[in-house]
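# Commentary on secondary and tertiary structure
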Amino acid sequence: MQENNTTFYKILPNGLKIVHRMTTSEVAYVGISVAVGTRDEQPQLNGLAHYVEHCVFKGCRTPFGHNLSARQIINKIEGIGGEINAFTTKEETTFYAATPVEHFRQTLQLIADLVLRPTFPKRETDKELGVILDEIESYEDSPSELIYDDFESLVFSGHPLAQPILGKRKTLKTIASSQMHPLAWVTDNFTPDKMVIFSQGNIKPEQIFRFAEQELGFNARSAAVSQRRARAGVATLVDSQSASFRRHTHQTHVMLGGRAYPLGHPDQLAMYFLNNILGGGSLNSRLNLSLREQKGLVYTIESQYTPLSDTGYWSVYFATEPANRNQCLDLVLAELKRLRDEKLSSLQLRRALTQLHGQMAIAAENQENSVLAMAKQMMYYGEAPAWQEMFKKVEQTTADKLQEIANDLLSENTLCTLFYE
């Protein structure tokens, strides 16, 4: 067991990672994250990871062999005033809950039952299939969300990362045709060597470690499966790409960007900092000042940096009147060029660091986001440093380094551009 301030770590012999952060809060956050997601699916079963995330809540077994129905699962959390949630990404599936600290043990036990012993009762999962299909329709009605999926399909064309998380209607019907597909997915992938148990609250770490050893201390079964299903590498993007789709929308929606550094890259935090300057979540970002405040051409414009385990991408999104599309695009390209050509002054760098420090401090006050970030850090780095430690590393970024990254990543030579018109 290692201790870092109030954060405690342990890795079991079977590879299970555990991270716990002590707080004085009477609300505990607990969960299990599994390093498997959409990119691990076979194309004919696209949507399987997300389907499993939904359907484990339809039924599970306890360690004593008792079956829990969907209603009993809900009541076990809602009945104590807690909240349970789950989500799927391209690379992870995460189940977690917020609960009064005195109910921490039973909450974590329920999450373990969902992950380790789901039953996928056909009658219930058939109903849930309808819910997922409705979710897809809702998503397709929201161009500002759907464009992110289509952009990833463009940036990672031909790779499993291009697959949509929600899946497709045809593949989902194949998945739901029998219990075989979800049960095989859980057996093959929900194994201790791919898991992180994470928690935060006024709980002694020994309680977490003891529970993990009892529930998930068994030998991992996934070595052969992991070898058989090794993730495909991502080919280098060597050319610019462009695509346009007809959508029945009043505005033109545009997304542009390209590949970026993966998790753990030496310049990952510096790229995070550069993105914050370009179009992060503040009104004084360069893109917001240029397109909204000075020109009044957009309501929303933002940039994002999304690092993945072995690759990543950056993107800029905006929506505008069709007549203003080209002007907005030129202004975005001008801001990218300015970052490539003009080094930040010492005053600009200092102000940007001051702003980021405040943003990180405020973001850390969100307990839910904080614990989920901690889980991801533990999964990929084996530790979860506090935000202050992360900022100290960002603080070492020089203006020369930011300009170097801008020239490395924000080039128009490999720019991908997507239009909804």
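The present account deals with the structure reproduced in this document. Model, not experiment: these values are computed from the prediction.

### Some points on the packing of helix α3 (residues 104-116) against helix α8 (residues 205-216)
- With their axes 11 Å apart at the nearest point, α3 and α8 run at an angle of 30° to one another. In terms of orientation, α3 lies roughly parallel with respect to α8. The chirality of how α3 crosses α8 is right-handed. In this structure, α3 contributes Phe104, Arg105, Leu108, Gln109, Ala112 and Leu116 to the contact, and α8 contributes Gln207, Ile208, Phe211, Gln214, Glu215 and Leu216.
- Grouping the amino acids of the contact of α3 with α8 by side-chain chemistry returns 7 nonpolar, 3 polar and 2 charged.

### Digging into the pairing of strand β14 (residues 416-420)
- Of all 5 residues in β14, 5 are buried; the element is thus mostly enclosed.
- Here β14 shows no split at all, with Cys416, Leu418 and Tyr420 on one side and Thr417 and Phe419 on the other all buried.
- Taken together, the 5 bridges between strand β10 (residues 241-245) and β14 define a ladder with parallel strand orientation. Bridge assignment links Phe245 to a residue of β14, and that residue is Tyr420.
- Taken together, the 5 bridges between strand β11 (residues 252-259) and β14 define a ladder with antiparallel strand orientation. By the bridge assignment for β14, Met255 is matched with Leu418.

### A short note on the nonpolar core
- Phe190, Met195 and Ile197 are the most contacted members of the largest nonpolar core, which has 53 residues in total.
- Ignoring sequence-local partners within four residues, the contact set of Phe190 consists of Val34, Val36, Val52, Thr93, Phe95, Val115, Trp185 and Met195.
- Counting residues in each nonpolar core, the second largest holds 44 residues, with Leu256, Ala270, Val298 and Leu415 among its members.

### Quick notes on the packing of aromatic side chains
- Across all of its chains, the model carries 7 aromatic pairs by this definition.
- Relative to Tyr96, the ring of Phe87 lies with its centre 6.2 Å away and its plane at 70°, an arrangement referred to as edge-to-face.
- Here Phe245 and Tyr420 contribute two aromatic rings whose centre-to-centre distance is 6.3 Å and whose plane-to-plane angle is 75°, an arrangement assigned as edge-to-face. Here Tyr420 lies in strand β14 and Phe245 lies in strand β10, a separation of 175 residues in the sequence.
- In this structure, Arg247 packs its charged tip against the face of Tyr420, placed 4.7 Å from the ring centre.
- Seen from the ring of Phe419, Arg325 lies directly overhead, with NZ or CZ sitting 4.1 Å from the centre.

### Brief notes about the pattern of salt bridges
- Following the criterion strictly, the structure yields 22 salt bridges and no others.
- The partner of Glu215 in a salt bridge is Arg117, and the shortest N-O contact between them spans 3.2 Å. Of this pair, Glu215 sits in helix α8 while Arg117 sits in the loop between α3 and α4 (122-140), and the two are 98 residues apart along the sequence. For the pair Glu215 and Arg117, a shared accessibility class is recorded, and that class is buried.
- The closest approach of N and O atoms between Asp267 and Lys401, which form a salt bridge, is 3.4 Å. Within this pair, whereas Asp267 is found in the loop between β11 and α10 (268-279), its partner Lys401 is found in helix α16 (residues 399-409), the two being separated by 134 residues in sequence.
- The exposure class of Asp267 is buried, given its relative accessible area of 13%.

Thresholds, definitions, all that
Residues numbered from 1 in each chain as written. Predicted model: local features only at pLDDT ≥ 70, side-chain atom pairs only at ≥ 80, totals over all residues. Heavy atoms only, no water. Axes fitted to C-alpha atoms, helices over the stretch in contact; angles between N-to-C directions. Helix = DSSP H or I, 4+ residues; strand = E, 2+ residues; numbered from the N terminus. Parallel < 35°, antiparallel > 145°, perpendicular 65-115°, else oblique. Left-handed = near helix turned anticlockwise from the far one by under 90°. Contact = heavy atoms within 4.5 Å. Nonpolar A, V, L, I, M, F, W, Y, C, P; charged D, E, K, R; others polar. Buried < 20%, exposed > 50% of the residue type's maximum accessible area, 1.4 Å probe, protein only. Pairing = 2+ DSSP bridges. Core = buried A, V, L, I, M, F, W, Y, C linked by side-chain atoms within 4.5 Å. Phe/Tyr/Trp six-rings, centres within 6.5 Å; stacked < 30°, edge-to-face > 60°. Lys NZ or Arg CZ within 6 Å of the ring centre and 35° of its normal. Salt bridge = Lys/Arg side-chain N within 4 Å of Asp/Glu carboxyl O.

Purely geometric numbers; function is a separate question.
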